[in-house]
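Chain by chain, the residues:
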Amino acid sequence: MVTIFVPDIPEFEPLIAGARKTGGCTVVKPLKGYWQLEAEQELCFHRKDLGLGPALWNSALMGGFRGEIVEYDRNVLRIAEGG
Amino acid sequence: MDNTLTLNGVHHSARPTWKLKETVEFYRDKMGLKLVHAVSARGWGPANHPDFLHFFFDNGAGGTIAFFYYLGDKQPEHLVHRPEYDSDAIHTAWKVDTRAQLEAWRARLENHGVAIMYQIEHEVIESIYFRDPNGYYLEIAFPLRGFLAIDSIDAAITLQAAIDEEARSVAKGETLTKIGPIWRAKGEYVAQLLQAAS
């Protein structure tokens, strides 16, 4: 299981909206102020699809995560099970 | 602990300058901040303290930005401001209430020949950045939102994760250089928080 915890703050709304459109990603509504983005094997996001600028893209995991970062460059964020 | 003990804003923040005329002209004339106070004194305290000026400009909300100018003092190398990320971490960010006010400040500064380095929306604010004649990094920001309860909760977890992860690295004789391990440690703390709540 891979999980990204996303603080429920306005600037991360594009990340939540993008996650809803991502196949295999389950979006769990905020509990204690954190959204949970979950997948069995892997979560993958593309910056341009989310419309995030550099400040938010580079803090997209600031809420914490479970899994292993296997790719995180200027445009792709991929977290896989493990770590 | 006495939780009723609070601070009531900034009286002054202060930095040294070795450019008296340029600094006065920048803050008073280009920025248009009112010069509200100036101390002129013989050196006192430490035996090597030069005679000095200490002057204050109103930067709103009852606060001031202040400078020390030491007569005859040669600027030491370690206080020459280097325009790099770590030195620029020391900066003042003033607040305005609207984007229109931010744009008006940008226009005013540009009209006075002050270069705006960039204007950027980042996290909870939108800001313009520029430098004073000393090279000091300055920012004017328009808050896009206020701080929420979750911001404070999240900040506490972030810093606890960072402190703990750094201690783990030190214990292993390593230096923590990446944010990833902190995010992963934080993930465990947040998971525990949510598990307790569910």
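The numbers attached to residues start from 1 for each chain and follow its sequence in the written order. Key to labels: chains lettered from A, ligands numbered from 1, both in the order written. For this predicted model, a pLDDT threshold of at least 70 governs which residues receive local features, and a threshold of 80 or more governs which side-chain atom pairs are given and counted, while totals over whole chains, interfaces and linings are taken from all residues. Values shown for side chains rest on all heavy atoms present in the structure; no hydrogens or waters enter the calculation.

Caption draft 1: Here's a closer look at the sheet that holds strand 1 (residues 12-17) of chain B. Residue and element names in this part refer to chain B. By definition, two strands form a pair when at least two bridges between them are found by DSSP. The way it works is that DSSP assigns letters per residue, a run of H or I at least four long becomes a helix, a run of E at least two long becomes a strand, and they are numbered from the N terminus. Here four strands make up an open sheet; going across it, the order is 1-4-3-2 and the pairing mixed. Looking at which strands have only one partner, the edges of the open sheet turn out to be strand 1 and strand 2 (35-41). In this sheet, adjacent strand axes meet at a mean angle of 20° when their direction is disregarded. As paired elements, strand 1 and strand 4 (residues 64-70) share six bridges and run parallel to each other. Between N-to-C directions, angles cover 0 to 180 degrees, with each direction set by a line fitted to C-alpha atoms, over the stretch in contact for helices.

Caption draft 2: Broad picture of the nonpolar core. Throughout, nonpolar core names a set of buried Ala, Val, Leu, Ile, Met, Phe, Trp, Tyr and Cys residues whose side chains join them through atoms within 4.5 Å. Partly exposed describes any residue whose relative accessible area lies between the buried limit of under 20% and the exposed limit of over 50%, with all areas from a 1.4 Å probe on protein chains only and scaled to the type maximum. Judged by nonpolar contacts, the single largest core of 32 residues is most densely connected at Ile4, Val6, Leu15, Leu37, Leu43 and Phe45 of chain A. In contact with Val6 of chain A, not counting residues within four places along its chain, are Phe12, Leu15, Ile16, Gly33, Tyr34, Trp35 and Leu37 of chain A. One finds Tyr27, Leu33, Val114 and Ile128 of chain B within the second-largest nonpolar core, a separate group that totals 21 residues. Only heavy atoms matter for contacts: two residues are in contact if any of them lie within 4.5 Å across the pair.

Caption draft 3: Geometry of the domain arrangement of chain B. All names here are of chain B. Segmentation into domains, and thus their bounds, comes from an automatic or database assignment. What the domain assignment lists for chain B is domain 1 (9-77), domain 2 (81-146) and domain 3 (149-197). Tallying the contact residues gives 18 residues for domain 1 and 18 residues for domain 2. Summed over both partners, buried area is the accessible surface (1.4 Å probe) that two parts give up on being assembled. Both faces considered, domain 1 and domain 2 share a buried interface measuring about 1400 Å² in area, 55% of it formed by carbon and sulfur atoms. Any Lys or Arg side-chain nitrogen located within 4 Å of an Asp or Glu carboxyl oxygen qualifies as a salt bridge. For the pair domain 1 and domain 2, the interface holds zero salt bridges. Identification of polar contacts relies on pairs of N or O atoms within 3.5 Å, with a donor-acceptor requirement for protein atoms, meaning one able to donate a hydrogen and the other able to accept it, and with residues adjacent in sequence counted only if both atoms are side-chain atoms. Where domain 1 touches domain 2, the interface holds ten residue pairs in polar contact (both at pLDDT 80 or more). Contributions of two or more residues to the side of domain 1 that touches domain 2 are made by strand 1, helix 1 (20-30) and strand 4.

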